[in-house]
Amino acid sequence: MSLELFRAEIAGWMAANLTGRFAPLVDRGHAGDGDALPELRKEWERRLAEGGWTCPGWPREHGGRGLSVAEQVVFQEEYARAGGPGRLGHIGEGLLGPTLIAFGNEDQKRRFLPGIREGREFWAQGYSEPDAGSDLANIRTRARRDPQTGDWQVTGQKVWTSLAHLSDWIFVLARCEEGSVGPKGLIFLLMKLDQPGVEIRPIRQIGGGAEFNSTFFDDARAKAGDVVGAPGDGWKIGMALLGFERGISTLGQQMGFARELELIVGIARENGAAARPAIRARIARAWAGLRAMRYMAMRMLANDPEPQVQLESLGYKYHWSNWHRDLGRLGMDVLGFSGAIANDDPRVEKLRQLFFFTRADTVYGGTNEIQLNIIAERGLGMPKEPRGPGNMGKA
Amino acid sequence: MSLELFRAEIAGWMAANLTGRFAPLVDRGHAGDGDALPELRKEWERRLAEGGWTCPGWPREHGGRGLSVAEQVVFQEEYARAGGPGRLGHIGEGLLGPTLIAFGNEDQKRRFLPGIREGREFWAQGYSEPDAGSDLANIRTRARRDPQTGDWQVTGQKVWTSLAHLSDWIFVLARCEEGSVGPKGLIFLLMKLDQPGVEIRPIRQIGGGAEFNSTFFDDARAKAGDVVGAPGDGWKIGMALLGFERGISTLGQQMGFARELELIVGIARENGAAARPAIRARIARAWAGLRAMRYMAMRMLANDPEPQVQLESLGYKYHWSNWHRDLGRLGMDVLGFSGAIANDDPRVEKLRQLFFFTRADTVYGGTNEIQLNIIAERGLGMPKEPRGPGNMGKA
Amino acid sequence: MDLKLSSDQIFMRDEARRLLADRAGSEQLRKAIDAGGFDAALWKTVGAELGWCAVAVPEDAGGLGLGNLELALLAEECGRRLAPVPFWSTACLAAPLIGAVAAGEARETLLARIAAGEAAAVAMPAPAKVDPLGGELPTARRSGDGWAIDGVVPAVIDGASAAYILVPASADGGLALFAVERADATLETLDGIDLLRPAARLVLAGTKAARIDAERLDRTAFDAALLSARLTLAAEQVGAAQGVLDMTLAYIAERMQFGRTIASFQAVKHRCALLLVEIVEARSLVYGAAQGLDPLEIAAAGALASQVAFRAAEEAIQLHGGVGNTWEYDPHLYFRRAQATANLFGSADEKLALVADALLGAAA
Amino acid sequence: MDLKLSSDQIFMRDEARRLLADRAGSEQLRKAIDAGGFDAALWKTVGAELGWCAVAVPEDAGGLGLGNLELALLAEECGRRLAPVPFWSTACLAAPLIGAVAAGEARETLLARIAAGEAAAVAMPAPAKVDPLGGELPTARRSGDGWAIDGVVPAVIDGASAAYILVPASADGGLALFAVERADATLETLDGIDLLRPAARLVLAGTKAARIDAERLDRTAFDAALLSARLTLAAEQVGAAQGVLDMTLAYIAERMQFGRTIASFQAVKHRCALLLVEIVEARSLVYGAAQGLDPLEIAAAGALASQVAFRAAEEAIQLHGGVGNTWEYDPHLYFRRAQATANLFGSADEKLALVADALLGAAA
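Residues numbered from 1 in each chain as written. Chains lettered and ligands numbered in written order. Predicted model: local features only at pLDDT ≥ 70, side-chain atom pairs only at ≥ 80, totals over all residues. Heavy atoms only, no water.

Undergrad: Now, about the overall build of chain C: what can you tell me, with residues and values included?
TA: A count of helical and extended segments in chain C gives 11 helices and 9 strands. Relative to the compact-globule value of 21 Å for 364 residues, chain C shows a C-alpha radius of gyration of 20 Å, a close match. Overall size of chain C, expressed as C-alpha extent along the three principal axes, is 75 × 50 × 40 Å. Burial analysis of chain C (364 residues in total) assigns 65% to the buried set. Nonlocal contacts in chain C, meaning residues at least 24 apart in sequence, comprise 74% of its contacts between residues at least 6 apart. For chain C, the computed accessible surface area is about 11700 Å², with 53% contributed by carbon and sulfur atoms. Chain C carries 32 positive and 46 negative side-chain charges, and their two centres are separated by 4 Å. (Helix = DSSP H or I, 4+ residues; strand = E, 2+ residues; numbered from the N terminus. Rg over C-alpha atoms; globule rule 2.2 N^0.38 Å. Buried < 20%, exposed > 50% of the residue type's maximum accessible area, 1.4 Å probe, protein only. Contact = heavy atoms within 4.5 Å. Areas by Shrake-Rupley, 256 points an atom, 1.4 Å probe, with all protein chains shown as cover. Lys, Arg positive; Asp, Glu negative; His and termini not counted. Charge placed at Lys NZ, Arg CZ, Asp CG, Glu CD.)

So, in structure tokens, the structure goes:
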């Protein structure tokens with residue numbers, strides 16, 4: 001099928017399905033609005049699965065459609081263009097699934113992949129801890145093997161466990177070797193959230209929403225068979241998982257960015273902000289940055305073997321997140337004082353959420369500071385930032 | 001005398017004197033143009049001395065006028081407003097003189113202060129070395145005591161010895177204790193430039209001018225009596241001297257900045273650049289920064305005992321130098337392509353020099369990077385930047 | 001010209017700083033948020049007991065008759081802690097307006113009420129514009145031996161806590177200034193992003209009002225009086241920038257990553273140092289402008305201050321990392337204030353455009 | 001749409017990079033400066049021997065018929081080393097113009113000369129404007145069976161090294177394009193800040209000229225052809241930014257201060273990383289725009305590229321410290337190029353204004 005036919009097929013499917021009962025989902029559930037309408041969105045995931053649109057990039061042998069990169073891009077773009085809601089299945093489909101396909105055993109693939117693909121089981125991510133944010137290797141959550149059952153007993157606290165309160169399972173990086181430090185001695189565990197010893201508390205964010213949680217483990221259990229890879233391989237697997245995060249979905253994300261920019265342009269034309277030279281310059285700059293981002297992503301996704309492209313892609317996260325953060329401010333500035341003071345227009349609420357939530361873009365998934373370190377060290381070959389003498393008891 | 005009468009007196013003196021034979025000096029000899037018309041400028045220094053306008057801030061007992069801070073500010077402002085030329089006597093009057101008054105012995109004061117005050121003897125500064133720029137304590141120029149005469153024999157290289165080729169004397173920081181490192185074991189010496197073993201080579205700068213030099217010492221001599229303070233006190237005295245550099249002259253400098261901004265504003269109005277919103281915004285920002293700079297300087301100069309003001313003044317050099325550097329670019333952008341391609345208008349040459357020379361503003365006298373370290377560490381109490389393991393043989 | 005603060009000024013400022021450090025901490029701000037963004041007890045202390053609002057009220061009207069620099073210093077301290085009190089609206093906006101354009105007994109009475117600690121607000125039709133009167137004005141008509149006003153003012157800052165509200169309105173075909181008692185007016189709370197300085201929609205439907213200007217509002221005097229409000233808004237923003245920087249410095253001095261404090265990373269140090277440079281620039285311009293009340297300097301100070309207030313809050317969220325994005329930590333309160341004031345009396349670019357117009361002639 | 005470079009493209013680029021690394025080093029640039037900013041031997045190599053200028057010349061005119069991406073890749077390499085050859089003027093500006101608007105034998109002959117390695121220049125009346133024809137045009141009149149031109153063109157980039165110069169001029173009441181042989185024209189060298197790409201003032205006094213357009217200059221075709229020049233100028237700026245960043249990285253990796261390499265300071269690392277992010281942004285936009293030749297994308301790419309070229313050169317001087325301010329070190333050569341091109345075909349803000357006009361309607 002040609003890409004254009006394929007594009008039309010998706011657009012047609014979205015038009016036929018994101019309507020009626022699902023109409024309230026249009027444009028909902030995205031960053032800053034992540035816990036909107038959860039039950040309906042779970043239903044939507046099942047509808048997507050029926051249409052064969054979950055996990056389209058997975059290999060056919062694992063129930064995916066084995067779409068090419070170009071086809072996946074088209075799917076992401078059309079999904080976003082139609083105003084498709086934020087995907088509750090994203091962590092399973094985009095992160096855990098590929099990880100299990102790469103590192104899981106047959107039993108794990110058999111038990112977990114279908115639930116993800118069919119929109120029945122939802123996953124949360126258990127990486128960050130209060131003292132392991134940018135310094136992720138500083139993980140302290142402990143996993144002790146129960147010699148009786150072979151299960152792992154997990155104690156500790158994970159933060160920024162996105163949508164844990166709406167999820168069924170969580171994957172957890174924990175320390176399984178007593179006394180180990182840094183990336184050594186970690187284990188990658190799959191854990192049911194609905195069990196004794198797991199407590200989920202919402203983290204209220206600066207925009208008022210609470211789509212993230214702190215998840216507390218107090219001798220909660222991961223079954224013996226729910227270790228991915230070997231104990232001690234946790235860091236390797238955990239990092240590989242993060243590698244899956246980048247990629248295809250970025251072009252769908254950009255389609256969302258384009259919609260946000262359009263919204264702002266429309267308001268500027270309407271309320272007179274378009275007459276201000278500074279606003280004009282910022283909107284033009286945003287447009288330029290978005291076009292550049294598109295071509296950057298296309299260069300990355302072309303799997304160009306050129307080492308230069310590989311190095312350049314190190315800057316992609318920094319670029320999009322700061323672009324988006326600036327867009328968040330631009331939206332508020334285009335609204336002006338009235339947007340700061342009252343929100344009688346629904347677009348105001350949308351731009352306010354954008355304003356607040358985009359602050360997290362430059363923090364989560366590697367802060368600006370970490371990104372710049374990586375670019376400098378790996379991209380430009382500059383000396384590594386020295387680790388401090390350490391003070392594990394502090395902070 | 002009231003300040004306003006005093007102001008009128010200076011303006012009158014400048015109008016009466018910076019004319020006729022001295023007319024070619026108007027606006028000449030400033031940064032980037034520092035070696036212009038040297039003989040006439042030396043004459044001008046003597047004319048100033050006859051009028052009693054050299055060293056006006058020195059105490060009366062040392063031949064100064066003992067002017068108050070407010071009076072000195074007025075003098076600097078009127079001097080600059082009249083287009084007074086760059087002061088060849090500045091290093092003697094503003095740096096060495098105050099240092100000798102504070103740390104010199106009676107003999108030194110008697111021998112050196114009159115020559116400075118009367119515009120007869122000119123001084124150069126011998127601090128930086130190829131490997132001691134920002135890291136000034138890394139000085140390697142050696143001074144060995146001649147046991148026969150008590151003189152000091154000096155060997156090494158100083159760079160950025162401003163106007164050494166037009167000067168009679170140079171003050172030199174050198175290492176007098178073999179094997180000492182960092183700020184210890186340094187000596188502050190006064191040396192005649194016209195002697196065997198001293199070679200002065202021009203450093204051509206990026207704008208094409210050569211007002212700085214490298215000065216090479218090969219067993220050149222400082223007389224036994226020409227050590228300021230004790231051997232080993234060099235760092236303390238050298239740093240105190242740099243402290244004198246800030247201060248009053250800053251308001252005269254700002255008057256010069258104001259003249260430059262006026263020139264740029266005039267060209268923008270004339271050539272249509274004033275119609276461009278980006279240029280308008282930058283000019284307005286420059287005006288704001290200049291006004292702020294003025295008030296910053298006045299707060300500093302008020303000798304406010306408030307610790308807050310003291311801390312805030314740590315940022316002054318960063319502020320003015322970056323403001324000035326940006327002004328340099330603004331001037332070229334206002335000129336536009338034609339300013340980059342041809343210089344048939346004398347104002348173009350002036351703005352070109354500004355463009356190039358202001359690049360040095362953020363390097364000399366403490367780079368931006370050093371300034372920001374100082375502000376962070378002393379002003380904000382943040383941790384000190386660790387010194388590296390050292391590699392004195394490298395670089 | 002001397003920019004050294006007098007010992008009285010330093011004393012006043014330091015006392016204010018001490019008081020607010022004690023009374024406007026994080027927990028107290030949270031309580032004020034729950035109370036609609038107003039801390040009545042703190043207001044009683046600073047307004048009625050300490051007489052902050054009397055600072056700029058002329059002595060003949062029961063005030064201290066001090067200058068704009070004093071007002072700016074207090075506003076800076078309020079900004080530093082985001083003090084949830086209507087100091088700016090009352091002392092920096094309403095009081096100078098009354099002093100400049102009100103006449104006779106009204107002037108004395110209203111100023112005396114402010115000096116005694118009552119809060120006041122001003123119902124500007126267009127608070128976001130460089131000319132805040134450049135919007136639709138309410139209309140006043142004579143009613144009995146007084147006046148009645150009709151109209152809606154979309155956003156009155158600190159309207160809810162005010163004892164009375166000054167309302168510029170059209171009357172007899174011209175511009176006039178009225179005072180409306182809070183109790184007589186209808187105010188609808190607005191959902192603003194600034195949780196510590198609420199605004200409200202003022203609905204006037206034949207509302208009783210006292211005309212307080214003499215015959216015809218002197219527009220020149222009105223604009224001149226607004227300079228105090230513009231200047232002190234900038235002062236408040238400088239204070240907020242400093243306050244959130246200080247909070248950030250304290251956090252990153254403790255918080256460890258990679259076995260080091262965040263404060264020990266040079267890139268972080270330089271960013272904090274740059275913020276200080278920008279804060280000092282804006283502060284110096286505010287203090288300098290407080291002396292001559294030059295409109296262009298005030299506009300420039302407003303531009304610089306609003307920019308650095310935002311930048312400092314932005315950096316605070318960033319450098320707090322994950323927790324900077326949580327409701328529980330305070331950086332977002334500054335971030336909200338910064339954005340809420342960023343477009344007050346014009347945006348930074350519009351303020352700088354005033355300077356450009358003066359230097360270069362009006363834009364094409 | 002695929003943005004992967006083909007192996008041919010990579011080969012061509014890498015060969016160019018290798019050649020210029022070898023032939024346009026610091027010492028060679030100094031010699032070229034002394035020779036008026038032109039390296040005749042290098043030009044012979046790339047123009048006549050390697051056929052770089054044939055890249056975009058159509059095959060029917062003796063060229064290779066390759067696309068704008070190839071031109072951009074070569075321009076980027078030229079920018080990286082500030083190669084003192086008129087590649088941009090000849091292959092990116094003159095050749096596309098001739099290809100688009102010249103007719104008949106003139107088109108074939110002139111393109112063949114370029115493909116064979118002769119240099120050409122274009123005498124734009126207003127090279128600094130977004131519309132470079134928006135200035136005073138020379139006037140052409142019929143003379144015998146040919147034409148003669150009168151007028152002065154203030155700045156012709158690479159005019160001195162050109163074999164012939166294309167001159168837009170007014171003729172018969174319309175716009176026309178002429179070719180003037182270098183030998184017939186008077187060129188006065190200008191004192192430009194870019195020491196490696198000289199410009200000259202062209203004085204035409206009854207100068208013999210060949211009209212090369214068909215009847216009337218097709219302004220649409222002319223503007224479309226200029227897109228190549230705008231795009232490749234951006235590519236060159238991206239290359240210059242990368243080149244001066246690489247030079248800086250090499251310097252600070254060796255240079256010690258305080259017992260550490262300058263490259264080990266985190267603030268320096270972050271600034272270099274930011275530059276790379278900006279370079280990649282501009283480069284991606286250049287490569288992307290090379291495919292569709294969308295005028296807005298090209299304008300945006302031009303804005304980003306000119307900004308990062310300046311920023312990279314500015315940071316290079318700063319991070320080189322004292323020696324960065326000396327004539328002997330090379331950062332200032334990039335700094336000069338960055339400023340000399342910053343206002344070519346419009347400044348960055350004017351280029352972005354084109355985007356704003358398209359998105360928001362023309363400015364008030």
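Having put the structure on the table, let's press on.
Undergrad: Talk me through the pairing of strand β5 (residues 186-192) of chain A; I want residue IDs and the actual numbers.
TA: Residue and element names in this part refer to chain A. Most of β5 is tucked away: 6 of the 7 residues are buried. Two strands pair when backbone bridges link them, and strand β4 (residues 169-175) and β5 are joined in this way by 7 bridges, in the antiparallel orientation. The residue bridging W169 from the neighbouring strand is K192, located in β5. (Pairing = 2+ DSSP bridges.)

Undergrad: A description of the interface of chain A and chain C should follow, citing residues and the corresponding values.
TA: Interface size is commonly expressed as the accessible surface area that is lost when the partners come together. With 46 residues of chain A in contact, the opposing surface of chain C contributes 42 residues. Between chain A and chain C lies a buried interface of about 3700 Å² when both sides are counted; carbon and sulfur atoms form 57% of it. Connecting chain A to chain C are 8 salt bridges. Measuring nitrogen to oxygen at the nearest pair gives 3.9 Å for the salt bridge that ties A:R276 to C:E350. Summed over the shared surface of chain A and chain C, the result is 25 residue pairs in polar contact (both at pLDDT 80 or more). Contributions of two or more residues to the side of chain A that touches chain C are made by α10 (316-335), α11 (337-341), α12 (346-361) and α13 (368-379) of chain A. For the side of chain A that touches chain C, the leading source of residues is α12(A), giving 6 residues. In terms of residue class, the side of chain A that touches chain C is built from 19 nonpolar, 13 polar and 14 charged. (Buried area = accessible area lost by both parts, 1.4 Å probe. Salt bridge = Lys/Arg side-chain N within 4 Å of Asp/Glu carboxyl O. Polar contact = N/O pair within 3.5 Å; in protein donor to acceptor, adjacent residues only side chain to side chain. Nonpolar A, V, L, I, M, F, W, Y, C, P; charged D, E, K, R; others polar.)

Undergrad: I'd like to hear about helix α3 (residues 40-49) of chain D, residue by residue, with values.
TA: All names here are of chain D. Residues of α3 that are buried include every one of L42, W43, T45, V46 and G47, and no others. An end-on view of α3 places all buried positions within 165° of arc, on one side of the element. Pointing more than 90 degrees away from the buried face of α3 are the exposed residues K44 and E49. Residues of α3 that are buried make contact with α1 (7-23), α5 (87-101) and α6 (104-115). Where α3 begins, the capping side chain belongs to D39, and its oxygen is found 3.2 Å from the backbone nitrogen of A41. (Arc of directions from axis to C-beta.)

Undergrad: Help me get a handle on the domain arrangement of chain A, residues and values and all.
TA: All names here are of chain A. Assigned domains of chain A: these are domain 1 (3-88), domain 2 (123-243) and domain 3 (246-379). Each of domain 2 and domain 3 was reduced to a C-alpha centroid, and the two centroids are 31 Å apart. Around 700 Å² of area is buried between domain 2 and domain 3 when both sides are counted, 58% of it from carbon and sulfur atoms. Sorting the residues of domain 2 by area buried against domain 3 places S134, I206 and G207 first, and these three jointly supply 50% of that buried surface. In this structure, the connection of domain 2 to domain 3 is made through 0 salt bridges. For the pair domain 2 and domain 3, the interface holds 1 residue pair in polar contact (both at pLDDT 80 or more). Here the side of domain 2 that touches domain 3 is built from residues that sort into 4 nonpolar, 4 polar and 1 charged. (Domains from an automatic or database assignment.)

Undergrad: Now, about the nonpolar core: what can you tell me, with residues and values included?
TA: With 356 residues, the main nonpolar core has C:F87, C:L166, C:I252, D:F87, D:L166 and D:I252 as its most contacted residues. For D:F87, the residues in contact, after removing those within four places along its chain, are D:W43, D:W52, D:C53, D:L71, D:L74, D:A75, D:C78 and D:C92. (Core = buried A, V, L, I, M, F, W, Y, C linked by side-chain atoms within 4.5 Å.)

Undergrad: How would you explain unusual backbone geometry if you had to name every residue and give the values?
TA: In most cases, non-glycine residues show a negative phi, while peptide bonds are predominantly trans. Although it is not a glycine, B:D219 sits at a positive phi angle of roughly 55°. The partly exposed category is assigned to B:D219, whose relative accessible area is 34%. Positioned with a positive phi, D:F345 is a non-glycine residue whose angle comes to about 55°. Tracing the chain through its elements places D:F345 in the loop between α10 (331-342) and α11 (348-360).

Undergrad: So what's going on with the interface of chain C and chain D? Which residues, and what values?
TA: Contacts between the two partners involve 5 residues from chain C, matched on the other side by 5 residues from chain D. Both faces combined, the contact of chain C with chain D buries some 410 Å², and carbon together with sulfur accounts for 50% of it. There are 3 residue pairs in polar contact (both at pLDDT 80 or more) connecting chain C and chain D. Class assignment for the residues of the side of chain C that touches chain D results in 3 nonpolar, 2 polar and no charged.

Undergrad: Any chance you could break down the packing of helix α9 (residues 295-320) of chain D against α11(D) for me, citing the residues and the numbers?
TA: All names here are of chain D. For the pair α9 and α11, interaxial distance at closest approach is 8 Å and the crossing angle is 150°. With respect to α11, the element α9 is oriented roughly antiparallel. For the pair α9 and α11, the sense of crossing is left-handed. When α9 is examined against α11, the residues L296, A299, A300, G302, A303, S306 and Q307 are found in contact with a partner set consisting of A348, K351, L352, L354, V355 and A358. When its residues are assigned to classes, the contact of α9 with α11 shows 9 nonpolar, 3 polar and 1 charged. (Axes fitted to C-alpha atoms, helices over the stretch in contact; angles between N-to-C directions. Parallel < 35°, antiparallel > 145°, perpendicular 65-115°, else oblique. Left-handed = near helix turned anticlockwise from the far one by under 90°.)

Undergrad: Just give me the short version of the packing of aromatic side chains, but keep the residues and values in it.
TA: Note on aromatic pairs: each is described by the distance of the centres and the angle between the planes. Scanning all chains against the criterion turns up 56 aromatic pairs over all chains. Ring centres 5.8 Å apart and planes at 50° place the aromatic pair A:W13 and A:W44 in the tilted group. Placement of the pair is A:W13 in helix α1 (residues 3-17) and A:W44 in helix α2 (residues 38-50), with a sequence separation of 31 residues. Each member of the pair, A:W13 as well as A:W44, is classed as buried. Relative to B:F357, the ring of B:F212 lies with its centre 6.5 Å away and its plane at 10°, an arrangement referred to as stacked. Here the residue B:F212 occupies a position in strand β7 (residues 212-222), and B:F357 occupies one in helix α12 (residues 346-361), the gap between them amounting to 145 residues. Three or more aromatic residues joined by ring pairs form one cluster here, namely A:F6, A:W13, A:F22, A:W44, A:W53, A:F75 and A:Y79. Above the face of the A:W320 ring, A:K317 is positioned so that its terminal group lies 5.9 Å from the ring centre. In this structure, B:R329 is placed above the aromatic ring of D:F310, and the distance from its NZ or CZ to the ring centre is 3.4 Å. (Phe/Tyr/Trp six-rings, centres within 6.5 Å; stacked < 30°, edge-to-face > 60°. Lys NZ or Arg CZ within 6 Å of the ring centre and 35° of its normal.)

Undergrad: Pulling in residues and values, what's your account of a negative patch on the surface?
TA: All names here are of chain C. Taken together, the side chains of E59, D60, E105 and E108 make up a negatively charged region of the molecular surface. Mapping D60 onto the fold places it in the loop between α3 (40-49) and α4 (68-81). In this structure D60 comes out as exposed when scored by relative accessible area, which is 60%. (Patch = residues over 30% accessible without salt bridge, like charges linked within 9 Å, V, L, I, M, F, W, Y side chains within 5 Å.)

Undergrad: Provide a residue-level description of the relation of the copies chain C and chain D, including the pertinent values.
TA: For the match of chain C to chain D, the screw axis carries a shift of 0.0 Å, the RMSD comes to 0.0 Å, and the turn is 180°. A rotation of that kind, with that shift, is consistent with a two-fold axis. Relative to the rotation axis, the C-alpha of C:A267 is the closest in chain C, positioned 1.9 Å from it. Most of the interface of chain C is mirrored in chain D, where 100% of its interface residues are also at the interface. (Least-squares fit on C-alpha atoms with pLDDT ≥ 70 in both.)

Undergrad: Which residues make up the domain arrangement of chain C, and what values go with them?
TA: Residue and element names in this part refer to chain C. Domain annotation of chain C identifies domain 1 (7-119), domain 2 (121-217) and domain 3 (226-363). Between the C-alpha centres of domain 1 and domain 3 there is a distance of 22 Å. Both sides of the domain 1 and domain 3 interface together cover about 2000 Å² of buried area, and 62% of this is carbon and sulfur. Between the two partners, domain 1 and domain 3, sit 3 salt bridges. One salt bridge connects D246 with R80, and the closest N-O pair in it is separated by 3.5 Å. On inspection of domain 1 and its partner domain 3, the count reaches 12 residue pairs in polar contact (both at pLDDT 80 or more). Within the residue set of the side of domain 1 that touches domain 3, elements represented by two or more residues are α2 (26-34), α4 and α5 (87-101). Among the elements that make up the side of domain 1 that touches domain 3, the one with the highest residue count is α4 (10 residues). Taken together, the residues that form the side of domain 1 that touches domain 3 break down as 12 nonpolar, 3 polar and 4 charged.

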